[in-house]
Amino acid sequence: MNSHEHDLLLQGIEPESNHSNNPTFQSILAENIQRRTVLKGGVGATMIGALGLTMTGCKPNLLGFTPVAANRDDTITVPEGYSAKAFVPWGTPITGSFPAYREDGTNTGEEQEQQVGQHHDGMHFFPIDCKKGGESSTHGLLVMNHEYIDQGTLHPAGATLVDGVRPADEVRKEVAAHGVSVIEIAQDYSGEWHVVPSSINRRITGATEMEITGPAAGHAKMVTKFSPDGTRTRGTLNNCAHGYTPWNTYLTCEENWAGYFRTGVASAERPRELSRYGTGSSSRYRWESVNEDVYKRFDVTPTGASAAEDYRNEANTFGWIVEVDPFNPTSTPVKHTALGRFAHEGIVFQRAKSGQPIVCYSGDDATNEYIYKFVSKHNYSKRTAGSWLLDEGTLYVAKFNADGTGEWLPLDFNDAAFQARMAETGVVFADQGDVLINTRTAADMMGATKMDRPEWGAVHPRTGEVYFTLTNHSSRGAANVDAANPRGPNPYGHIIRWNEVSANFAGNAFLWDIFLLAGPVTDSAILVKEGTPALDESNIHASPDGLWFDEDGRLWIQTDMSGSQLTAGPFGNNAMLAADPNTGDVRRFLVGPYGCEVTGVINTPNARTMFVNIQHPGEPRPSDWPDGAGARPRSATVIVTKNDGGKIGG
Ligand code: FEO
Ligand code: CA
Ligand code: CA
Ligand code: CA
């Protein structure tokens, strides 16, 4: 989607959708069943096991809790026997002089640079001893993204503009409320979690200096006044979901960054690296109106004699996946261009195998965009693994065929098929850096499958089966449905899954089917469950977004409904559900407060503490969570524990 549409969604305005039962619904069920039958008959026995399609009855149910009912309460609801408590809300001091949060919004930009940001999203827990192979569940680094901001709560009385110019300290605060927080946390003898006032704690913001690596580093289209050699930039923005590497670094993913920039170039004249991503004539927050270089760069209109004298290429330094070493507070974050440039939702890795390439997946969250896979050029070895593995490799884009097979199409300038497509279509790329800066255009050219907004992916910890949420696509026309996106319109979303055919996950072929179609009882189905039943009151949900497998193989699903789905109808507030992929059992586990999105989840290694992020409570419905008493709402992490000290979800 373009940034304007995203902004409308953020304000709770959603395109009108037809909520009636699609006439082809029964045929979707029949085709999915047929697809699975073909797969079971057509592939080897190992693959059948890996698909987990016929396991009903032979394994204990992974879900051991009573589902909670949908509700519209301004609180966190968890199952009987569980407790939930807010932790590290926006404004919590974590570094520097540890400035206290002020409820009236008067914290300065400088103070915000030392406090937890707004709009918590993707998150990981690094055991404090993980670099030595340890698995501490009582002490670690909680690292999280701050996707965007709510100017209404950030400032005393919202954003201001004086003669078309934003006050500089408001902008400094907004830039600082974005990015990443690295927070050392520890559990005390009573089981309470606390922030450790540690020198490891760090805020990375929309202004932190970063290095650019991979094939697009140093490219002519990356040259800016700040970095005439095209290898540096400042900041990371709109960090949605995340990933983490086998070498214990954190990856933060730049999603809806295009709208932070503006250009004075007429739409017909804009370069494809802007137009294909939706950068237009006005920016979301007007940061460029402040007369300081760090803010003026958000206007990418050419003004100088060459790219080294202005910021025409500044937006090209965004749209990437950024690696952060959370254990080294003075390290420079790295933008990895080999992983492609698009509206990255997140990134998820196959378990690394010694002597085999690194394999990871990332979705481009916009309507009709694609799912990608990266395969490293060099093989993984625990001893030598590091950031360099993400600098060279092949980026592929997914094509889902109707018969349940799929292909990974290489976006590789030196590949014969890529060159042949350039010749056939007349689309021109100068080199691999140009391909990566224009990843979407390259994927268009190769004929990738247009998806219903790919969000998070999750990889089963043992089988390597990959699940992806497709959150919704309300404007997909009935005439434009395909096997992988079978509802048009699709206001409720679905979850797709696949298995790689190659044993090392690096090959070009995969086999896929649909796990479930989200929606109300009248328009939903669990396609992997015996008899393909509809969802029921215990598990109806819409707009699945966050997705994560715990170590036992429970699939956790988080929702990001907005607009009418959130304010009326059967779904209640946004929620988190758990699914057993073997049985198809799905149960609602947690319901968030008014207006929030539930996004980001991770356990400690012993699965006795779960961290869940609650983003933008009170948008659009007024909320005073978590402070109560009419206070302004704050995004926060929620700590979920089981009262008997048991594993979460079991
Ligand atoms: Fe930031 Fe696609 O959710
Ligand atoms: Ca998301
Ligand atoms: Ca979403
Ligand atoms: Ca969000």
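Computed from a predicted model, the values in this text were never measured in an experiment.

Trainee: So, the coordination of the calcium ion (ligand 3): which residues are in play, and what are the values?
Mentor: Angles at a metal have ideal values that depend on geometry: 109.5 degrees with four tetrahedral donors, 90 or 180 degrees with six octahedral donors. The protein atoms donating to the calcium ion (ligand 3) are Glu 455 (OE), Asp 545 (OD) and Asp 560 (OD), with metal-donor distances spanning 2.3 to 2.5 Å. Counting gaps between the donor residues of the calcium ion (ligand 3) yields the pattern E-x89-D-x14-D. In this model, the calcium ion (ligand 3) sits 3.8 Å from the calcium ion (ligand 2), the two metals being bridged by Glu 455. Remark: Asp 545 occurs in strand β25 (residues 544-549) and Glu 455 occurs in strand β20 (residues 454-459); sequence separation between them is 90 residues. By the burial criterion, Glu 455 is buried, and Asp 545 matches it.

Trainee: Describe the side chain of Arg 203, and please don't skip the residues or the numbers.
Mentor: Tracing the backbone through its elements, the reader meets Arg 203 in strand β6 (residues 202-204). One buried charged side chain, Arg 203, makes no salt bridge at all; its nearest oppositely charged neighbour is Glu 113, positioned 8.7 Å away. Reaching out from Arg 203, the side chain makes a polar contact with the backbone oxygen of Gln 115 at a distance of 2.8 Å. Here the side chain of Arg 203 touches Val 180 through a polar contact of 3.0 Å, landing on its backbone oxygen.

Trainee: Explain the pattern of salt bridges to me, and be specific about the residues and the numbers.
Mentor: One pass over the structure, following the stated rule, counts 35 salt bridges. Note that Arg 166 and Glu 170 form a salt bridge whose closest N and O atoms lie 2.8 Å from each other. A salt bridge links Asp 434 to Lys 221; its shortest N-O distance comes to 2.7 Å. One end of the pair, Asp 434, is in helix α10 (residues 432-437); the other, Lys 221, is in the loop between β7 (209-213) and β8 (232-234), with 213 residues separating them in the sequence. The network of salt bridges with common partners includes Arg 276, Asp 364, Glu 369, Arg 440 and Asp 444.

Trainee: Explain the coordination of the calcium ion (ligand 2) residue by residue, including any values.
Mentor: Coordination of the calcium ion (ligand 2) by the protein is provided by Glu 345 (OE), Glu 455 (OE), Asp 545 (OD) and Asp 545 (OD), with metal-donor distances spanning 2.3 to 3.0 Å. Sequence positions of the donors to the calcium ion (ligand 2) reduce to the motif E-x109-E-x89-D.

What counts, and at which threshold
Residues numbered from 1 in each chain as written. Chains lettered and ligands numbered in written order. Predicted model: local features only at pLDDT ≥ 70, side-chain atom pairs only at ≥ 80, totals over all residues. Heavy atoms only, no water. Donors = N, O, S within 2.8 Å, 3.2 Å for Na, K, Ca; no water. Helix = DSSP H or I, 4+ residues; strand = E, 2+ residues; numbered from the N terminus. Buried < 20%, exposed > 50% of the residue type's maximum accessible area, 1.4 Å probe, protein only. Lys, Arg positive; Asp, Glu negative; His and termini not counted. Salt bridge = Lys/Arg side-chain N within 4 Å of Asp/Glu carboxyl O. Polar contact = N/O pair within 3.5 Å; in protein donor to acceptor, adjacent residues only side chain to side chain.

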